[in-house]
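This is what each chain is made of:
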Amino acid sequence: MIQFRLDTRSGVPTYLQLVQQVRQAVRLGILQPGDQLPTVKEVVGDLAINPNTVLKAYRELDREGLVEGRRGLGTFVAEGSPTPPPDGVKELRTSLGRWVAKARAAGLDDDAIHTLFADTVSPPSVSRVA
Amino acid sequence: MSALETESLGKRYGSKWALRECAIEIPSGSVTALVGPNGAGKTTLLQLAVGLVRPSAGSVRVLGRSPRADASDVLPRVGFVAQDHPLHRGFTVAETLKLGRKLNPSWDETVARERVERLRLPLRQKIAKLSGGQQAQVALTLALAKRPELLLLDEPVASLDPLARREFLQSVMEAVAETGMTVLLSSHIVADLQRVCDHLVILSHGHTQLVGPIEEILSSHRVLTGPRADPETVARLHQVIRESHTERQSNLLVKANGHVYDADWQLHEVDLEEIVLGYLGREAVLS
């Protein structure tokens, strides 16, 4: 079971924050296929948010195939979700730790490390809104 | 179906209109925030909805019927917690709940007991001795044990500290999750509303300024910043809610009519509080 948290200053819509936290928990292996998500009432009682927001998040996750609702039982992480084995994550975390240590030794501060990492994962595409 | 619907609804006290030409629809199952400064007409609207006052103009329908003409049908299905949650201060919690049980034919004792237990409300304590948060929870228990289809809350959290405020809203949201009831709550604390509500009504000086789903409101409003300019070209396409200018820069809050494409302006998203303040500030300037 996971517990959601809200960052009210992030500007990210509440339902999306819930979606992202489930995605992240599945990717990191904290949630495994068959694990149950908190019930709508539990989330609502915990965070004091609108139940429709939780329903919307769960619908979105269901649409993505990451979770499945079982009538009368609750919402569960779907079988076949892309969960890495916990060992695999551990190994990656260790090697990333080594990389971070190397970056610090090279004189990069936290901001620079974050930027470099984000930049490598998803190179920025040029966009203009106005 | 709408849980609450008004048409050209107005209420006049003497020569002063407390509410005028109010046309809103509160969808069933929604949690709607009624926002506006003191004296905007929020309490009047809620009192009209429960038939406490008679409309001077127009009509209000609650759960499809008139709250005054069909009072015996409508009122048992509506929960109402008035401002400052008035309770008999000399009654104990147990006596207060007994009163609720005697007065309400649809009273659900299980709902009342579960809440009292979970919130650890002291049954033998006098209401006057309870904290503000506990008094609010007792008042909410009275309303929820009716198993209402529509719950009306007038400034329910204004007098509460942040923790009690959170606990109160948690209680309301849990009840919504369980029963799917419709909630209309008035407030001037905007920060709480964004996480709790899905619809918004902005009221000011007796007039509705904006009505709609919060998601739509957030996606249609933008702040434009750019070099000092006349907002005239923008105003031709979009509704300018508020404008402010410095010597070199202009700042516009707009309700966009579709996408905003204008190379002269930088576009920023806005949060609910900024939108609400924009509308309220505008009215103050006009009047």
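What counts and how
Residues numbered from 1 in each chain as written. Chains lettered and ligands numbered in written order. Predicted model: local features only at pLDDT ≥ 70, side-chain atom pairs only at ≥ 80, totals over all residues. Helix = DSSP H or I, 4+ residues; strand = E, 2+ residues; numbered from the N terminus. Rg over C-alpha atoms; globule rule 2.2 N^0.38 Å. Contact = placed C-beta atoms within 7 Å. pLDDT = per-residue confidence, 0-100. Expected span 1.5 Å × (residues − 1). Buried ≥ 20, exposed ≤ 12 C-beta atoms within 10 Å, placed from the backbone. Core = buried A, V, L, I, M, F, W, Y, C linked by C-beta atoms within 7 Å. Nonpolar A, V, L, I, M, F, W, Y, C, P; charged D, E, K, R; others polar. Pairing = 2+ DSSP bridges.

K.L.:
How should I be thinking about the overall build of chain A in this particular structure?
P.N.:
Scanning chain A from terminus to terminus reveals five helices and two strands. Listing each helix as α and each strand as β along chain A from the N terminus yields α-α-α-β-β-α-α. What you see for chain A is a C-alpha radius of gyration of 18 Å, clearly larger than the 14 Å of a compact globule of 130 residues, by over 25%. Each of the three principal axes of chain A carries a C-alpha extent, and together these read 55 × 45 × 25 Å. Taking the intrachain contacts of chain A between residues at least 6 apart in sequence as the baseline, contacts between residues at least 24 apart amount to 60%.

K.L.:
Looking at this structure, how should I read the confidence of the model for chain A?
P.N.:
In low-pLDDT regions, the fine details of the predicted coordinates are not to be read closely. Here chain A averages 86 in pLDDT, while 92% of its residues score no lower than 70. Looking at the elements of chain A, mean pLDDT is at its lowest for helix H4 (residues 86-105) of chain A, recorded as 85, and at its highest for helix H3 (residues 51-63) of chain A, recorded as 94.

K.L.:
It is not clear to me how helix H6 (residues 162-179) of chain B should be interpreted in this structure. Could you clarify?
P.N.:
Two residues of an α-helix separated by three or four positions point the same way, owing to the 3.6 residues in each turn. Taking 1.5 Å as the rise per residue, H6(B) with 18 residues should run 26 Å; its terminal C-alpha atoms sit 26 Å apart, in good agreement. Every buried residue belonging to H6(B) is among Arg165(B), Phe168(B), Leu169(B), Ser171(B), Val172(B), Met173(B), Glu174(B), Ala175(B), Val176(B) and Ala177(B), and all of these are buried. Those residues of H6(B) that are buried lie in contact with helix H2 (40-47) and H3 of chain A together with strand S4 (31-35), helix H5 (132-144), strand S8 (182-187) and helix H7 (190-196) of chain B.

K.L.:
Would you take a moment to explain the nonpolar core for this structure?
P.N.:
One recurring pattern in soluble globular proteins is that nonpolar side chains are buried together. Val22(A), Val35(B), Ala49(B), Leu150(B), Leu152(B), Met173(B) and Val183(B) are the most contacted members of the largest nonpolar core, which totals 88 residues. Among residues more than four places away in sequence, those in contact with Ala49(B) are Leu4(B), Val60(B), Val62(B), Pro67(B) and Leu152(B). Grouped together as the second largest cluster of nonpolar side chains are six residues, Leu224(B), Val234(B), Leu253(B) and Val254(B) included.

K.L.:
Help me understand the confidence of the model for chain B in this model?
P.N.:
With 98% of its residues at a pLDDT of 70 or more, chain B has an overall mean of 90. Both scores are available for the predicted complex, with the pTM at 0.82 and the ipTM at 0.74.

K.L.:
How should I be thinking about the interface of chain B and chain A in this particular structure?
P.N.:
Interfaces are often sized by the accessible area lost when the parts come together. On the side of chain A, 13 residues touch chain B, which itself brings 21 residues to the contact. Those elements that place two or more of their residues in the side of chain B that touches chain A are H6, H7 and strand S14 (266-269) of chain B. For the side of chain B that touches chain A, the element with the highest residue contribution is H6(B), accounting for eight residues. Broken down by class, the residue content of the side of chain B that touches chain A amounts to eleven nonpolar, two polar and eight charged.

K.L.:
Looking at this model, I keep getting lost on the environment of Pro27(B). Mind explaining?
P.N.:
Residue and element names in this part refer to chain B. Within the secondary structure, Pro 27 sits in strand S3 (residues 25-27). Counting along the chain gives 23 residues from Pro 27 to Leu 4, while the straight-line C-alpha distance between them is 7.3 Å. The residues contacting Pro 27, other than those within four sequence positions of it, are Ser 2 and His 199.

K.L.:
Is there a simple way to explain the pairing of strand S10 (residues 207-213) of chain B in this structure?
P.N.:
Every other side chain in a regular strand lies on the same face of the sheet, so the side chains alternate between the two faces. Residue and element names in this part refer to chain B. Two elements, strand S9 (residues 199-204) and S10, share six bridges in a ladder whose sense is antiparallel. Bridge pairing in S10 places Ile 202 opposite Leu 210. The hairpin turn running from S9 into S10, its antiparallel successor, is two residues long, and His 205 in that turn takes a positive phi close to 50°.

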